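Geometric and topological summary
Letter by letter, the chains look like this.
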Amino acid sequence: MLARTTNPQPDESLLGFLRRLSAFNAFIDTGDFFSELGIRYGRPLIESIDDLERKCGLPAGELAAIAPEAKPKDACREWQYERHRSDPVCPICIADGKVYHQSWRHTLVTACPEHTCRLEDTCPRCSEALTPENGGHGKCSCGTDLSRLPVQTAPRHEVLISQLISGIPSSEVSGLPKQLVSSPPADIGRFVHFLASSFSTNRTGKALKTKLPRTVEEAVVLLEPVASLLENWPNGFEDHVRERLVNADPALNSAPARLGNWYQRFMQFKDPAYEPFHKALGGVVSKEFSGTYLGSLQVDESREWVSAKEAAQEIGITSQRLVEAVQKKQIAGKQSRSGYGHTHTVIPRLEVHNILADRERYCDGTTIRNLLGVSRKQLELLREAAVVSEIALEDRPPLIDGGFDRIAFADRLARISASAVQRDGETISFVDLNLRRTTDRSVLIQIFQRIFDCEIVPVNANSEVLLGKFQYLKSDVERELSKGRFSKDWTAQDVARITGWKPQSVVHWCKLGLLEAREVSHGPNKGYLISPEQLARFQSTFVPVAVLAGSRRTTSRRLLGLLAKSQIETYGAQKEAQTSRGHLVRLSDLMTLANSGGLPSLDAESCTASLRSHEAKMARSRVHPN
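So, on to the overall build of the chain. Scanning the chain from terminus to terminus reveals 28 helices and 15 strands. Sequence separation of at least 24 residues holds for 64% of the intrachain contacts in the chain that already meet a minimum separation of 6. Total accessible area computed for the chain in this model is approximately 30800 Å², and 47% of it derives from carbon and sulfur atoms.

Ile 188, Phe 191, Phe 237 and Phe 266 are the most contacted members of the largest nonpolar core, which totals 60 residues. Excluding anything up to four places from it in sequence, Ile 188 contacts Ala 75, Leu 164, Ile 165, Leu 180 and Tyr 274. Ranked by size, the runner-up nonpolar core spans 32 residues in total, among them Cys 363, Val 374, Leu 444 and Ile 451.

A separate point is empty space enclosed by the protein. Evaluation of the coordinates by the stated rule reveals four cavities of 30 Å³ or more. For the largest cavity, the calculated volume is near 50 Å³. In terms of lining, the largest cavity is formed by Ser 13, Leu 14, Leu 15, Tyr 41, Ile 66, Ala 67, Pro 68, Cys 76, Arg 77, Glu 82, Gln 102 and Arg 105. Residue composition of the lining of the largest cavity, grouped by class: seven nonpolar, two polar and three charged.

On average, residues of the chain score 84 in pLDDT, and 85% of them reach the 70 mark or higher. This stretch, residues 600-605, has a pLDDT under 50; its non-local contacts, to residues over four places away or in other chains, come to five contacts. The model gives residues 621-626 a pLDDT under 50, and that stretch makes nine contacts with residues more than four places away or in other chains.

Before going further, it helps to spend a moment on the sheet that holds strand β11 (residues 542-544). Pairing is antiparallel across the open sheet formed by three strands, whose spatial order is β11-β15-β12. Both outer strands of the open sheet, β11 and β12 (570-571), are each paired with one neighbouring strand and no more. Of the pairings in the sheet, the one linking β11 to strand β15 (residues 584-586) comprises three bridges and is antiparallel in character. Note that in β15 the partner of Val 543 across the bridge is Val 585.

Note the cis peptide between Trp 233 and Pro 234, where omega equals -5°. Its place among the elements puts Pro 234 in the loop between α10 (227-230) and α11 (235-247). Backbone geometry at Ser 127 places phi at a positive 60°, although glycine is not the residue there. With respect to the helices and strands, Ser 127 occurs in the loop between α5 (91-95) and α6 (156-166). Accessibility expressed as a relative area gives 55% for Ser 127, which makes it exposed. Notably, Gln 567 is not glycine yet its phi reads approximately 60°, a positive angle. Within the secondary structure, Gln 567 sits in the loop between α26 (556-565) and β12.

Using the criterion set out here, one finds 25 aromatic pairs in the structure. With 5.5 Å between their ring centres and 40° between their planes, Phe 194 and Trp 262 make a pair best called tilted. Of this pair, Phe 194 sits in helix α8 (residues 188-197) while Trp 262 is found in helix α12 (residues 255-267), placing the two residues 68 residues apart along the sequence. This pair shows no difference in class: Phe 194 is buried, exactly as Trp 262 is.

Let us now look at the environment of Ser 580. By the element assignment, Ser 580 lies in strand β14 (residues 579-581). Among the polar contacts listed, one links the side chain of Ser 580 to the side chain of His 583, at a separation of 2.8 Å.

On to the pattern of salt bridges, then. What the rule picks out here adds up to 32 salt bridges. Here Arg 105 and Asp 87 are joined by a salt bridge, their closest N and O atoms 3.2 Å apart. With Arg 105 in the loop between α5 and α6 and Asp 87 in the loop between α4 (49-55) and α5, this residue pair connects regions lying 18 residues apart in the sequence. Residue Arg 105 shares its accessibility class with Asp 87, and that shared class is buried. Each of Arg 19, Glu 82, Asp 87 and Arg 105 takes part in one network of salt bridges that share partners.

Here we come to helix α19 (residues 406-418). Each α-helix turn comprises 3.6 residues. Residues three or four places apart therefore point the same way. The end-to-end C-alpha separation of α19 is 18 Å, in line with the 18 Å expected for 13 residues at 1.5 Å each. Within the span of α19, buried status applies to Ile 407, Phe 409, Leu 413, Ala 414, Ile 416 and Ser 417. The inward-facing, buried residues of α19 abut α12, α16 (349-361), α17 (365-372), β5 (404-405), α20 (441-452) and β7 (471-473). You can read the cap of α19 off the contacts: a side-chain oxygen lies 3.0 Å from the backbone nitrogen of Ile 407, and it is on Asp 405.

So, about the environment of Ala 325. Position of Ala 325 relative to the elements: it lies in helix α15 (residues 319-327). Take Ala 325: its relative accessible area is 1%, and that puts it in the buried class. Distance in space between the C-alpha atoms of Ala 325 and Pro 398 is 7.5 Å, their sequence separation being 73 residues. Discounting residues that sit within four places of it in the chain, Ala 325 has contacts with Gln 330, Ile 331 and Leu 399.

About the thresholds
Residues numbered from 1 in each chain as written. Predicted model: local features only at pLDDT ≥ 70, side-chain atom pairs only at ≥ 80, totals over all residues. Heavy atoms only, no water. Helix = DSSP H or I, 4+ residues; strand = E, 2+ residues; numbered from the N terminus. Contact = heavy atoms within 4.5 Å. Areas by Shrake-Rupley, 256 points an atom, 1.4 Å probe, with all protein chains shown as cover. Core = buried A, V, L, I, M, F, W, Y, C linked by side-chain atoms within 4.5 Å. Buried < 20%, exposed > 50% of the residue type's maximum accessible area, 1.4 Å probe, protein only. 1 Å grid on protein atoms, 1.4 Å probe; cavity = no way out; pocket = protein on both sides within 12 Å on 5 of 7 lines; lining within 4 Å. Points joined across faces, edges and corners; volume = space filled by probe spheres on them. Nonpolar A, V, L, I, M, F, W, Y, C, P; charged D, E, K, R; others polar. pLDDT = per-residue confidence, 0-100. Pairing = 2+ DSSP bridges. Phe/Tyr/Trp six-rings, centres within 6.5 Å; stacked < 30°, edge-to-face > 60°. Polar contact = N/O pair within 3.5 Å; in protein donor to acceptor, adjacent residues only side chain to side chain. Salt bridge = Lys/Arg side-chain N within 4 Å of Asp/Glu carboxyl O. Expected span 1.5 Å × (residues − 1).

Quick look at the structure:
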């Protein structure tokens with residue numbers, strides 16, 4: 001609990017509040033404050049925000065209300081667009097003593113929505129970047145007052161984007177559709193990113209896979225082409241759609257097919273605020289496109305209609321399934337009756353194209369596994385790690401056969417691919433990161449989360465290559481595995497290799513509790529982890545009869561007979577058909593027997609020598625498994 005606390009102010013970001021709280025508690029550097037609280041700004045902190053509230057002495061929900069999240073109500077708090085490597089500020093706001101604004105944390109916000117000046121994320125004195133964990137409240141780590149940073153006016157389109165994402169109504173947001181300005185939807189940031197991606201093409205030739213900018217400068221470059229779409233509404237947007245139609249394959253007979261992936265991405269923005277954009281698109285298609293579909297992209301009575309049978313054949317599903325979707329009002333359509341109750345069902349042509357686009361976009365688990373290049377078990381682990389997930393049934397478009405979003409996965413894989421850093425060293429493929437490499441499921445899940453958060457980056461991840469073939473440094477993976485709770489323990493197979501015992505006997509002794517071990521999940525089965533200390537205690541207590549017989553050049557059966565005659569009990573035997581294996585004898589019983597001379601074929605001197613040989617082997621195994 002901190003000595004002094006305070007409460008977040010309206011429109012203040014979580015990181016800005018923590019900086020202010022740090023200064024309130026007399027910390028000069030926010031990094032020292034984070035160390036004092038035992039936290040680090042990032043995903044783990046956001047996931048455990050309730051713990052941070054307790055440490056700061058705040059009521060439950062106080063920080064959760066300003067923290068980034070997956071699907072926030074206000075666009076500037078969306079976690080996907082949270083800045084991880086920079087913490088820009090508005091010099092004028094700092095000079096006026098205002099709080100760090102929520103919108104400054106959004107990676108596509110490059111201007112202060114209030115003062116219309118460019119945000120700054122580099123200190124002119126030390127030339128170091130302003131990051132979430134350096135400097136203090138209003139101060140750079142070198143001591144420079146951030147209110148003295150240079151002030152430069154931002155271009156109008158950057159101001160418009162910043163104001164839309166901030167959700168701040170302003171007369172400056174003029175010229176854009178009123179629906180968009182009066183109530184910007186929660187996914188406005190995604191929409192801006194989509195528009196910006198329309199102008200960017202990767203080296204491989206694939207568009208709409210633009211990685212998120214890391215700095216204000218990179219965001220400025222990404223957003224520059226968007227100016228023509230926003231500053232000259234609707235002409236700029238219509239010209240952009242017209243250019244896409246003209247440059248597309250003229251052999252394609254539908255507008256959605258010609259617009260391709262851009263159309264699919266565009267159609268996912270269904271908030272009423274985007275209606276003017278949908279109408280503008282429909283207007284351009286009506287005037288410029290001469291294929292099968294000529295009307296507006298909005299479903300209405302003027303469209304071309306097709307029978308349910310014809311539509312079902314085109315889509316690749318049964319007509320009955322299509323008719324049921326119309327009856328349940330899941331898709332647009334009309335039904336009429338004739339004769340003795342025969343029902344005629346017709347579907348708008350555009351609706352057919354929308355269904356085809358949705359079915360192309362969403363797929364089942366088998367398809368997504370093939371697209372990722374991973375095994376079924378690995379996909380299950382990815383889902384358990386929450387880096388791969390299906391869309392809930394109630395949120396899926398109608399008439400699709402799977403809940404995995406191809407576009408979302410393509411975006412995430414593009415981010416991972418773009419984070420690749422070429423480095424020397426032995427590598428391992430992503431597909432080889434599985435439960436055969438480690439039995440510690442929790443550590444493997446953590447590795448997947450860090451890979452998808454781009455915290456463990458590949459050395460070679462061409463965007464044309466499947467995820468399963470992405471290459472990672474073995475040293476990075478082994479370092480993460482070494483943090484695991486059971487990473488230094490041995491499996492039953494390791495113990496068998498160390499000692500020369502049968503693996504099935506080792507497992508059986510673990511089940512009986514003779515060999516202490518920790519039971520863990522190993523895929524669908526159970527496995528055992530044995531520490532060096534547990535193996536040492538076992539070897540100090542028991543010796544396998546087979547080992548003892550081998551040292552005296554006799555058979556286990558003959559030795560068991562001699563032990564039984566001398567009334568020496570054995571342990572851990574496992575029945576196997578008409579015989580048994582894995583007999584153990586206590587060392588204490590053997591020593592007693594050797595000293596009493598009760599075992600005719602093994603005199604005391606020979607038995608003692610065998611035991612010494614066993615103890616020497618035991619000592620060697622404690623040093624290293626290999």
